[in-house]
Amino acid sequence: NSCEKQPASAKWYDRRDYVFIEFCVEDSKDVNVNFEKSKLTFSCLGGSDNFKHLNEIDLFHCIDPNDSKHKRTDRSILCCLRKGESGQSWPRLTKERAKLNWLSVDFNNWKDWEDDSDEDMSNFDRFSEMMNNMGGDEDVDLPEVDGADDDSQDSDDEKMPDLE
């Protein structure tokens, strides 16, 4: 059984310039990620029993292997694939439409970034909301500071006519 290789379970999500794939292997060793233009090969030993994992993915579109990278943590290995063409959405990760039982979409990170105006708006809303929430106490201070400046300037202005 030890020589039997099994795909690691993985989740993926799509971004404007990158595709992210996370291989969920805890305590991985001997991690090997090979990026090719239209293929990703991943292998490692996982867990205390050094189980061999091997994933080969024929990618939906070309990537730039030189600009793709991976990062290993104790819980998973995250691969960051630089798209060959930025701004091209990947409706799926694989060339074939096959349903791979080890692969799922990472809905927590999934975003329909194609419809830009929406995203900009929602980002903007979130941003202004954040500012409002943050600004609770600061907003009270700011007008006072402004007010002080205005007063000194106003009082200067008011004195001007007296001098003439």
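Residues numbered from 1 in each chain as written. Predicted model: local features only at pLDDT ≥ 70, side-chain atom pairs only at ≥ 80, totals over all residues. Heavy atoms only, no water.

Looking at an unreviewed UniProt entry, the chain carries the name Prostaglandin E synthase 3, with the source organism given as Panthera leo. Annotation of the chain in UniProt includes, under Subcellular location (unreviewed entry), the sentence "Cytoplasm". Under the UniProt heading Catalytic activity (unreviewed entry), the entry covering the chain gives this text: "prostaglandin H2 = prostaglandin E2". (UniProt positions renumbered as here; feature names shortened; annotations may be inferred.)

Another point: the overall build of the chain. When helices and strands are tallied, the chain shows 1 helix and 8 strands. Helices (α) and strands (β) of the chain occur, in sequence order from the N terminus, as β-β-β-β-β-β-β-β-α. Considering the chain as a whole, with its 164 residues, one finds that 26% of them fall into the buried category. For the chain, the share of sequence-separated contacts (at least 6 apart) that also reach a separation of at least 24 residues comes to 59%. Surface summary for the chain: the accessible area is close to 11,300 Å², and the carbon and sulfur share equals 47%. (Helix = DSSP H or I, 4+ residues; strand = E, 2+ residues; numbered from the N terminus. Buried < 20%, exposed > 50% of the residue type's maximum accessible area, 1.4 Å probe, protein only. Contact = heavy atoms within 4.5 Å. Areas by Shrake-Rupley, 256 points an atom, 1.4 Å probe, with all protein chains shown as cover.)

Before going further, it helps to spend a moment on the sheet that holds strand β3 (residues 29-36). Pairing is antiparallel in the open sheet, where 3 strands are placed in the order β3-β4-β5. The outermost strands of the open sheet, each flanked by one partner alone, are β3 and β5 (51-58). Averaged over neighbouring strand pairs, the angle between their axes works out to 5 degrees when direction is ignored. Sheet topology places strand β4 (residues 39-46) next to β5; 8 bridges connect them, and they run antiparallel. The residue bridging G46 from the neighbouring strand is F51, located in β5. (Pairing = 2+ DSSP bridges. Axes fitted to C-alpha atoms, helices over the stretch in contact; angles between N-to-C directions.)

Here the focus is the sheet that holds strand β6 (residues 69-72). Ordered in space as β6-β7-β2-β1-β8, the 5 strands form an open sheet in which the pairing is mixed. Every other strand in the sheet has two partners, leaving β6 and β8 (103-105) as the edge strands with one partner each. Across the sheet, the mean angle from the axis of one strand to that of its neighbour is 20 degrees, orientation sign disregarded. As judged from the 3 bridges shared by strand β1 (residues 10-14) and β8, these two strands associate in the parallel manner. If you follow A10 over to β8, its bridge partner there is L103.

Let us look at the nonpolar core. Within soluble globular proteins, side chains that are nonpolar tend to cluster in buried spots. Core analysis: the biggest nonpolar cluster contains 23 residues, and I21, F23 and L93 have the highest contact counts within it. Counting residues per element, the ones that place at least two in this core are β1, β2 (18-23), β3, β4 and β7 (77-82). In this structure I21 touches A10, K11, W12, L40, I57, I77, L78, C79, L81 and L93, once residues within four positions along its chain are discounted. (Core = buried A, V, L, I, M, F, W, Y, C linked by side-chain atoms within 4.5 Å.)

Attention now goes to the packing of aromatic side chains. Considering all chains together, one arrives at 5 aromatic pairs under this definition. Note on Y13 and F20: the rings are 4.9 Å apart at their centroids and 15 degrees apart in plane angle, and the pair reads as stacked. With a centroid separation of 6.1 Å and an interplanar angle of 40 degrees, the aromatic rings of Y18 and F20 are classed as tilted. Y18 sits in the partly exposed class, given a relative accessible area of 21%. (Phe/Tyr/Trp six-rings, centres within 6.5 Å; stacked < 30°, edge-to-face > 60°.)

Glancing now at the layout of surface pockets. The calculated volume of the largest pocket comes to roughly 230 Å³. As for the largest pocket, its lining consists of 13 residues, of which W12, R92, A98, K99 and L103 are closest to the centre. A total of 3 residues in the lining of the largest pocket trace back to one element, the largest contributor, which is β8. For the lining of the largest pocket, the residue count by class is 7 nonpolar, 2 polar and 4 charged. (1 Å grid on protein atoms, 1.4 Å probe; cavity = no way out; pocket = protein on both sides within 12 Å on 5 of 7 lines; lining within 4 Å. Points joined across faces, edges and corners; volume = space filled by probe spheres on them. Nonpolar A, V, L, I, M, F, W, Y, C, P; charged D, E, K, R; others polar.)

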